[in-house]
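So you can see what is in the structure, the chains are spelled out below.
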Amino acid sequence: MAISLGSNQYGKAENRVMRVYRDTDRHSIRDLNVSTSLRGDFTAAHLEGNQGDVLPTDTQKNTSFAFAKEVGIESPEAYGVALGKHFLTAAAKATGSQIRIEEYAWDRIQVDGQGHDHSFVRRGTETRTAIITVEGRDADQKVWVVSGLEDLIVLKSTGSEFKGFLKDKYTTLEEADDRIMATSLTARWRFNTIDGVNFDEVYDDVKKLCLAAFATTYSRALQETLYAMGRDVLEAHPEIDEIKFSAPNKHHFLYDLDRFGLENNGEVFIAADRPYGLIEATVLRDGAGEPGEAWTAVPSFI
Ligand SMILES: O=c1[nH]c(=O)c2[nH]c(=O)[nH]c2[nH]1
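Just so it is clear, the structure is predicted and the values come from calculations on it, not from any experiment.

### Points about the UniProt feature "active site" (unreviewed entry) in the chain
Thinking step 1. Here, UniProt's "active site" (unreviewed entry) annotation points to Lys-12, Thr-57 and His-251. Maximum C-alpha separation among the annotated residues is 22.8 Å over a sequence range of 240 residues, too wide for a single clustered spot. In this structure, the largest pocket is lined, among the annotated residues mentioned, by His-251.
Thinking step 2. Here Lys-12 is to be found in the segment before β1 (15–21).
Thinking step 3. Ignoring anything within four residues of it in the chain, the contact list for Lys-12 reads Val-34, Ser-35, Thr-36, Thr-57, Asp-58, Gln-60 and Lys-61.

### Some words on the site of the ligand
Thinking step 1. Every residue lining the ligand is accounted for by Phe-162, Leu-173, Arg-179, Ala-221, Leu-222, Gln-223, Asn-249 and Ile-279.
Thinking step 2. Measuring from an oxygen atom of the ligand, one finds a side-chain N or O atom of Arg-179 at 2.8 Å.
Thinking step 3. Look at the ligand: alone it shows 290 Å² of surface, and the protein chains cover 73% of it.
Thinking step 4. More than half of the atoms belonging to the ligand lie within 2 Å of the grid points that define the largest pocket.
Thinking step 5. Per-class residue counts for the shell around the ligand are five nonpolar, two polar and one charged.

### Comments concerning the sheet that holds strand β2 (residues 28–40)
Thinking step 1. Taken in spatial order, the five strands make up an open sheet running β3-β2-β1-β11-β10, and their pairing is antiparallel. Every other strand in the sheet has two partners, leaving β3 (94–104) and β10 (252–254) as the edge strands with one partner each. Strand-to-strand twist in this sheet, taken as the mean axis angle between neighbours without regard to direction, amounts to 35°.
Thinking step 2. Pairing between β1 and β2: seven bridges, direction antiparallel. Note that in β2 the partner of Met-18 across the bridge is Asp-31.
Thinking step 3. Contacts from helix α2 (residues 57–70) reach β1, β2 and β11 (268–271), with the element oriented near 15° to β1.
Thinking step 4. Lying over the sheet, helix α3 (residues 76–90) contacts β1, β2 and β3, oriented at roughly 155° with respect to β3.

### What to know about unusual backbone geometry
Most peptide bonds adopt trans geometry, and most residues besides glycine take a negative phi value.
Thinking step 1. A cis geometry characterises the amide bond from Arg-274 onward to Pro-275, with omega recorded as -15°.
Thinking step 2. Residue placement: Pro-275 occurs in the loop between β11 and β12 (277–284).
Thinking step 3. We note that Asp-138 has phi near 55°; this positive angle belongs to a residue other than glycine.
Thinking step 4. Note on placement: Asp-138 falls in the loop between β6 (127–135) and β7 (142–156).
Thinking step 5. In this structure, Asp-151 is a non-glycine residue whose phi angle is positive, near 60°.
Thinking step 6. Considering the arrangement of structural elements, one finds Asp-151 in strand β7.

### A closer look at the domain arrangement of the chain
Thinking step 1. Domain boundaries assigned for the chain yield domain 1 (15–104) and domain 2 (111–284).
Thinking step 2. Averaged C-alpha coordinates put domain 1 and domain 2 at centres separated by 32 Å.
Thinking step 3. Approximately 2000 Å² of surface area, both sides summed, lies buried where domain 1 meets domain 2, with 56% of it carried by carbon and sulfur atoms.
Thinking step 4. Our count for the contact surface shared by domain 1 and domain 2 stands at four salt bridges.
Thinking step 5. With its nearest N and O atoms 2.9 Å apart, the salt bridge here joins Arg-22 to Asp-178.
Thinking step 6. Here domain 1 and domain 2 share 13 residue pairs in polar contact (both at pLDDT 80 or more) between them.
Thinking step 7. Counting only elements with at least two residues in the side of domain 1 that touches domain 2, the list comes to β1, β2 and α2.
Thinking step 8. If you tally residues by element for the side of domain 1 that touches domain 2, the top one is α2, at seven residues.

### Structural notes on the packing of aromatic side chains
The geometry of an aromatic ring pair is captured by two quantities: the separation of the ring centres and the angle between the planes.
Thinking step 1. Enumeration according to the criterion identifies five aromatic pairs in this entry.
Thinking step 2. Plain terms: the ring middles of Phe-65 and Tyr-255 are 4.0 Å apart, the flat faces sit at 10° to each other, and that makes the pair stacked. Of the two residues, Phe-65 is situated in helix α2 and Tyr-255 in the loop between β10 and β11; the sequence distance between them amounts to 190 residues. The same class applies to Phe-65 as to Tyr-255, namely buried.
Thinking step 3. Ring centres 5.0 Å apart and planes at 15° place the aromatic pair Phe-162 and Phe-165 in the stacked group.
Thinking step 4. By relative accessible area, Phe-165 is classed as buried at 15%.
Thinking step 5. For the cation-ring pair, Arg-19 lies above Tyr-21, with the distance from its terminal atom to the ring centre recorded as 4.0 Å.

The rules behind these values
- Residues numbered from 1 in each chain as written.
- Predicted model: local features only at pLDDT ≥ 70, side-chain atom pairs only at ≥ 80, totals over all residues.
- Heavy atoms only, no water.
- UniProt positions renumbered as here; feature names shortened; annotations may be inferred.
- 1 Å grid on protein atoms, 1.4 Å probe; cavity = no way out; pocket = protein on both sides within 12 Å on 5 of 7 lines; lining within 4 Å.
- Helix = DSSP H or I, 4+ residues; strand = E, 2+ residues; numbered from the N terminus.
- Contact = heavy atoms within 4.5 Å.
- Near = heavy atom within 4 Å.
- Polar contact = N/O pair within 3.5 Å; in protein donor to acceptor, adjacent residues only side chain to side chain.
- Areas by Shrake-Rupley, 256 points an atom, 1.4 Å probe, with all protein chains shown as cover.
- Sits in = over half its atoms within 2 Å of the grid points.
- Nonpolar A, V, L, I, M, F, W, Y, C, P; charged D, E, K, R; others polar.
- Pairing = 2+ DSSP bridges.
- Axes fitted to C-alpha atoms, helices over the stretch in contact; angles between N-to-C directions.
- Domains from an automatic or database assignment.
- Buried area = accessible area lost by both parts, 1.4 Å probe.
- Salt bridge = Lys/Arg side-chain N within 4 Å of Asp/Glu carboxyl O.
- Phe/Tyr/Trp six-rings, centres within 6.5 Å; stacked < 30°, edge-to-face > 60°.
- Buried < 20%, exposed > 50% of the residue type's maximum accessible area, 1.4 Å probe, protein only.
- Lys NZ or Arg CZ within 6 Å of the ring centre and 35° of its normal.

Structural data, given as structure tokens:
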């Protein structure tokens, strides 16, 4: 029985390329998920174990990041065309390349009606939540309302550091004076009353206050930013006794472009997936009323 190699292609999937344009204090960002693949005559790799014609997927990854700097990301299409053409010159046996790009859309965080210079919110990702717990009946009846939001994705391209931390023999993390800080925020806030509360208005305002605190707090750690958000919410809303946050630290690592003779002054980052720091905190009012059963229906920390 004759057996032969059929269609094949290979490449690097899901390069998470973050490009920051920081020529002025008003930054802009392009956030892409880039997958590259090459087709052509790669028979020798499949049949003979010969890699002589194979431009490694690792090189394709590096090129995706290097091009974010060298070519820039004016549009995903223009960047993709440059990348796709390049691979056909770099790999002689390639007869075709395909670059698939997903772009994540970010809006500037609005602070006092103005788009912030370096703080962004991912367009339309968050879910609003509400957990209502009722105990007993008649005069003894108790109602607890916990409102919340999930997956409010925010990023600031400067105005964040992390340094002076405890170090031991396993510490390798470098101190960061200026880093990207990003998280997918979950928050839940517990009301001390339901009388006369306009829950829609409160939701909008809590979200606005959290975004503004994220944007305007110079952050020495995500912990400090969460506390600032909680403080601002409790100060503005006497009907809320407690707010809990869960915030994955969505790490963005500077991509090492020195190796290709390119400078990277905080412009090209790889957005890491896992592992991530998970920072969680409760901010509560002095003399906060008893939570009763309010939190029992709420999964994990919050
Ligand atoms: O904001 C941060 N908080 C931490 O606790 C921490 N730990 C870490 O490695 N990076 C960070 N960043």
